[in-house]
Structure formats: C-alpha cells, structure tokens
Amino acid sequence: MNLAPASLPLAQAQTHGAPLPRMGDGADITTNDERRIGDSIARQLYRDPDYVDDPVVHSYVMGIWYPLKETSEQRGELSPELNERFAWEVLLGRDRSINAFALPGGFLGVHLGLVSAVATRDELASVLAHELSHVTQRHISRLIAQDKRSTPLMIGSMILGALAATKSPDAGMAMMMGGQALAVQNQLNFSRDMEREADRVGYSLMAPAGFAPAGFASMFERLQQANRINDNGSWPYLRSHPLTTERMADMQSRTQMLGQAGAAKPPTMEHTMVSSRARVLTRPGPDALRQWAALPASSGFAQQSPDQQAGALYAAIFGLMQLRELSAAEAMLPTLQALTQNDAAAQRQTLWLAAELALLRNQPQLALQKLEQLPPAPAAPHHNPEDERATLLLRAQAASMLRRSGDVTTTLQTWVSDHPHDAAAWQALARASRETGQPLRALRAEAEAFVAQYDYAAAVDRFKAGQQQAQRSGAQADHFEASIIDTRLREVQSLLREQTSQR
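Residues numbered from 1 in each chain as written. Predicted model: local features only at pLDDT ≥ 70, side-chain atom pairs only at ≥ 80, totals over all residues. Heavy atoms only, no water.

Draft legend 1. Seen up close, the overall build of the chain. A count of helical and extended segments in the chain gives 25 helices and three strands. Buried positions account for 56% of the 503 residues belonging to the chain. By sequence separation, contacts in the chain at least 24 residues apart represent 74% of the contacts at least 6 residues apart. Surface summary for the chain: the accessible area is close to 21300 Å², and the carbon and sulfur share equals 50%. (Helix = DSSP H or I, 4+ residues; strand = E, 2+ residues; numbered from the N terminus. Buried < 20%, exposed > 50% of the residue type's maximum accessible area, 1.4 Å probe, protein only. Contact = heavy atoms within 4.5 Å. Areas by Shrake-Rupley, 256 points an atom, 1.4 Å probe, with all protein chains shown as cover.)

Draft legend 2. Representation of the environment of lysine 370. Assignment of secondary structure puts lysine 370 in helix 19 (residues 364–372). In the structure, lysine 370 is positioned 22 residues away from arginine 348 in sequence and 9.7 Å away in space, judged by C-alpha atoms. Apart from residues no more than four positions distant in its own chain, lysine 370 is found in contact with Gln337, Leu351, Ala354 and Ala355.

Draft legend 3. Structural detail: the packing of helix 2 (residues 55–74) against helix 5 (residues 121–136). The N-to-C vectors of helix 2 and helix 5 enclose an angle of 50°; their axes lie 10 Å apart at closest approach. On the basis of the axis angle, helix 2 is oblique to helix 5. Judged by the sense of rotation from one axis to the other, the crossing of helix 2 with helix 5 is right-handed. For the pair helix 2 and helix 5, the contacting residues are Tyr60, Val61, Gly63, Ile64, Trp65, Leu68, Lys69 and Ser72 in the first and Arg121, Leu124, Ala125, Leu128, Ala129, Leu132 and Thr136 in the second. The residue inventory of the contact of helix 2 with helix 5, partitioned by class, reads ten nonpolar, three polar and two charged. (Axes fitted to C-alpha atoms, helices over the stretch in contact; angles between N-to-C directions. Parallel < 35°, antiparallel > 145°, perpendicular 65-115°, else oblique. Left-handed = near helix turned anticlockwise from the far one by under 90°. Nonpolar A, V, L, I, M, F, W, Y, C, P; charged D, E, K, R; others polar.)

Draft legend 4. Geometry of the packing of aromatic side chains. Within this structure, the stated rule accounts for eight aromatic pairs. Ring centres of tyrosine 46 and tyrosine 454 lie 6.3 Å apart, and the angle between their planes is 25°; this geometry places the pair in the stacked category. Of this pair, tyrosine 46 sits in helix 1 (residues 31–47) while tyrosine 454 sits in the loop between helix 23 (439–452) and helix 24 (456–473), and the two are 408 residues apart along the sequence. Under the relative-accessibility criterion, tyrosine 454 is labelled buried at 2%. Their ring planes at 45° and their centres at 5.9 Å tell us that phenylalanine 86 and tryptophan 88 sit as a pair that is tilted. The same class applies to phenylalanine 86 as to tryptophan 88, namely buried. Following the ring pairs from residue to residue traces out a cluster consisting of Tyr46, Tyr51, Phe107, Tyr454 and Tyr456. Taking NZ or CZ as reference, arginine 279 lies 4.8 Å from the ring centre of tryptophan 292, over its face. (Phe/Tyr/Trp six-rings, centres within 6.5 Å; stacked < 30°, edge-to-face > 60°. Lys NZ or Arg CZ within 6 Å of the ring centre and 35° of its normal.)

Draft legend 5. Molecular detail of the side chain of glutamine 499. In this structure, glutamine 499 sits in helix 25 (residues 479–501). When neighbours within four sequence positions are excluded, glutamine 499 is seen to be in contact with Arg43, Tyr454 and Tyr456.

Draft legend 6. Region of the structure containing the pattern of salt bridges. Inspection of every chain in the model, using the stated rule, returns 25 salt bridges. Note that aspartate 53 and arginine 389 form a salt bridge whose closest N and O atoms lie 2.7 Å from each other. With aspartate 53 in the loop between helix 1 and helix 2 and arginine 389 in helix 20 (residues 389–401), the pair connects residues that are 336 residues apart, well separated along the chain. By relative accessible area, which is 3% here, arginine 389 ends up buried. In this structure, the salt-bridge partner of glutamate 81 is arginine 85, at a minimum N-O distance of 3.4 Å. (Salt bridge = Lys/Arg side-chain N within 4 Å of Asp/Glu carboxyl O.)

Draft legend 7. Up close: the sheet that holds strand 1 (residues 89–93). The sheet built from three strands is open, its strands ordered 1-3-2 with mixed pairing. Edge positions in the sheet fall to strand 1 and strand 2 (100–103), since each of these pairs with one other strand and no more. Averaged over all adjacent pairs, the angle separating strand axes in this sheet is 20°, with direction ignored. Together, strand 2 and strand 3 (107–111) form the strand contacts of helix 5, whose direction differs from that of strand 2 by roughly 20°. (Pairing = 2+ DSSP bridges.)

Draft legend 8. Just the nonpolar core, in detail. Core analysis: the largest hydrophobic core is formed by 96 residues, its most contacted members being Leu68, Val110, Leu114 and Leu128. Here this core takes ten residues from helix 16 (residues 306–322), the largest share from any one element. Contacts of valine 110, omitting those with residues within four sequence positions, involve Val90, Leu91, Leu92, Gly93, Asn99, Ala100, Val115 and Leu128. Within the second largest apolar cluster, 19 residues are counted, among which are Val408, Trp426, Leu429 and Ala430. (Core = buried A, V, L, I, M, F, W, Y, C linked by side-chain atoms within 4.5 Å.)

Draft legend 9. Structural detail: the side chain of histidine 139. Relative to the helices and strands, histidine 139 is located in helix 6 (residues 139–145). You can call histidine 139 buried: its relative accessible area is 0%. Side-chain polar atoms of histidine 139 contact the side chain of glutamate 197, separated by 2.5 Å. (Polar contact = N/O pair within 3.5 Å; in protein donor to acceptor, adjacent residues only side chain to side chain.)

Draft legend 10. Just unusual backbone geometry, in detail. One non-glycine residue, arginine 138, lies in positive phi territory at about 60°. When you line up the elements, arginine 138 lands in the loop between helix 5 and helix 6. Classification of arginine 138 by relative accessible area gives buried; the value is 7%. The phi dihedral of arginine 283 falls on the positive side, at around 55°, and the residue is not glycine. Its place among the elements puts arginine 283 in the loop between helix 14 (269–281) and helix 15 (286–294). Looking at arginine 283, the relative accessible area reads 58%, which means it is exposed.

Draft legend 11. Spotlight on helix 15. Among all positions in helix 15, only Ala288, Leu289, Trp292 and Ala293 are buried. Viewed along the axis of helix 15, the buried residues span an arc of 140°, placing them on a single side of the element. Turned more than 90 degrees away from the buried face of helix 15 sit Asp287 and Gln291, all of them exposed. Buried residues along helix 15 sit in contact with helix 14, helix 16 and helix 17 (326–340). (Arc of directions from axis to C-beta.)

Draft legend 12. Representation of the pairing of strand 2 in the model. On strand 2, burial covers both faces: Ala100 and Ala102 on one face and Phe101 and Leu103 on the other are all buried. Looking at chain direction, strand 2 and strand 3 are connected through four bridges and run antiparallel. Across the sheet, alanine 102 pairs through a bridge with leucine 108, a residue of strand 3. The hairpin formed by strand 2 and strand 3 contains three residues between the paired strands, and glycine 105 there has a positive phi angle of roughly 80°.

In structure tokens, the structure reads:
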C-alpha cells in the first residue's frame, strides 16, 4: 500500500511563479468527508504504543513542515479551503523503519527511523514536501472516490491495516475487513502520474521554503543505494516504489539544470544531534546504547568532523540517560557544551538535553538555570510556532518538582489557547492547575487533552467529572470554569455523536 513516500524522483519543476497545473481537484469527495476519515485514523494512531510526542524532535520536524506548508499556501498549491479545514498535524512514530506517509485530512506520519536516517535537513524536507503535495493535490481524495461502495470506516480501517502490516503482516491482515480488503488496498496506491505530480509540486516548494532542492537528489541516491541491498523491511516504501532508470536520470538532470542555486548543503550540527536523538528514541536495546556510549572514547572519534562528534556525543549522553547511568552522562556533557557553544541552534539542543538530565537527577533548579541560558531561536524566514514548546514543557516539569506550578500556569494557558491541539501542554496545564488548587481547570484541561487526540468519549467523561465537581463545590466553585465546561461538553458530545455514527 502506497502510504510511504515515493521513490522521490524529480519531474519538471519550477521554483517561482504561478502554481503548477493539477491533474484534478478531487471533487468527488468533500474536504469534510476526507477530514473525518483522517480524524478516525489519527485517533487510533494517537493510541498506538509506538506513537511518541517528543518535543525536541517534533519541533525540529515542524520547523521543516511549516515553511513548506506556508510556501505551498503562498504559491496557491494549498487552497484556502484545505488550509482551513484540514488538520496539518504531524505524528511521530517510534518505528525504526525509514517511512513517512500522508493521510486523509492533512495528517502526516513520520517514523523516527526516517529522521535518524536522512543525512541533512534538506533530505528530510524533500520527503515532507512530496507527502505534503499528495495532500494539496487531492490525490488521497481522488483515490478514495474511486470506490463509491466503501464507507469512510472501511477506508480508515484499510489504511490502519496497511500501516500495521509494515510492522506485522498478521496484524495488518487482522485489521483489514473481509473480501474488500484487496480491492480497497489496490485503489489506495498512488498512480505513477500522481507520484510525478507530487514530485514536481514538492520540488517547486524547496527553494522558496529555504531548502536546497538538491535534497531531493541526495535522498533519491540514498534510496538507490538501499535498493541495491536486500530489503529487510527497514525501507518499506521500496517495495511499493521501485526505482527506475528513467526517474533517476530525470532527477539528476533537473538538479544539474539548477546549478549552484540547487546545490546541496552540508549537514548541520543541529541535524546530527536531532538525528541521534531520534535513533535513541527508537529503543534499539541496551547493547546498542552502550555501543554508542563508547564511541566518544574510541580511537577514530578525534578524526570525525565537529558535526559528527556532536551527533556521537549526543547519542552517547542521551543513550546513557535511557540506561539511567546519569553520572556517566553528566561527565560527557561539558565536552558537548564546548563543542556547540558557537552554534546557536546546536547550543539550544545541548541545553535542552542538559535540562532533561538535570530533571532525571532530581535537580529542577539546575534544569531551570539551563533553560535560562538558551540563546534565542535562530532567525529564519519562516516562523516555527513550536520553537519554544520544548522549553515550556521542561519548565513546567521543573516547576512541578519545585512545587511552584503557579509560575507556569499562565504561560501554559496562553500556549494552549494558541495551540489547542497540543495534548502534552493540556496535560501539563492539568497537573499545574491541580497543584495550585484549581480542580475544575484541571479537569477541563484533562478533557481538552483527549479532544486534542480525537478521543471524544474520554473527553466527555472528564467534562462530566468537571460538572460533578462544580456541583459538589456549590457556591465555592469557579463559575467561569464551570460555564466553559458546560459549553465544551455540549460541543464535544456533538462531535462524539458524529464520530459514533461513522462506525
């Protein structure tokens, strides 16, 4: 099933001017229908044990996703209707396979294996640009519309089944429904024309969004190299996207035509560090973590470039933190701090890591000191709204450990007002509210965390608990919060009825 990034060839592309012509607009299925299908899939993915919300990696990925999306909007590829109605959420999966996939309704899945495998930020951007273009060009809606007999539930189940099959064929088949499984699966395979269109449109986004178009070329070469090796399942999209000589030649010629304007950029220190973090988060096992921890002391470490050294040190320290060998991790930290002190983006990564380590060592005050040392986020043409998310969540954890949650309650409240789909921030607000004697706000925040992950039944349960709490408190209840809970309960009950009707 073609839910992974294609083999990323280059077709004819342009980097400026009017939007490229489309194959069709997917009008046979409405944007609301597609969004409902996406919501049902996302709800299950958020429940998946492999779903991971790591603020550091997520912020890095969103720093690539947002510029591509904004550029798509500015160029007219992303229509105002899609921009308003689709989710535009990125879900990270702990899976070690190199994979990413567009889903109905503007959701994007990214495996940590992909983040750890790409050599540069531009290579990752090429995959995200390709998948974004599948959404903006309405490829998914056109595929869904091909079978009028399939219900949204069946389509959603088929997509979930195909995703499960990349991990376990037996699990995937168990989720596929009856005799229609093969037919629906075949219909969800992107055609070659769709792949070429996604390549062409995605490539046109790269330079205006601030990425080297050569990222497409180098990612394609990486796929070719992997294709020479027997596929062991770690590159799942190679099975559904065979590489062809024609596509490779086309990609190479397009890259050469751009000359210096499309030239590749070297890996950044920040990228090697985030890549190392993603690799550790895939839970490779104690033996691998110990092997990585030993690399900075190896004879070849001194011959590595500073970027490579930063990545190796990060993997060693973060791996030791997972092993709870905190003293050994702390002993390596000064070397990483010295190495990254002249690179603002890398320094931010180091300080976030140092704050995490301090929290693990039950030193919340030290964690706050590390966070105070953070340099401003590097200036960029496109603002990343999640630049400060890791800082906020780490600060909230430290404040809770110090029993000073009141210090962050207002900041968290402002954040969730601007980012209502941030479940982790709602959970942090719930904890802070409870610790500061605001039980109604805590219950509402717990409910909103479930809403953010489309679990409306659980959200209704928490809103009702809030109503009961208000009734028990009587005149002492926070009537403002109680009023909000009543309103939100009615709204979410309506969403739950709609969600239930689709089953």
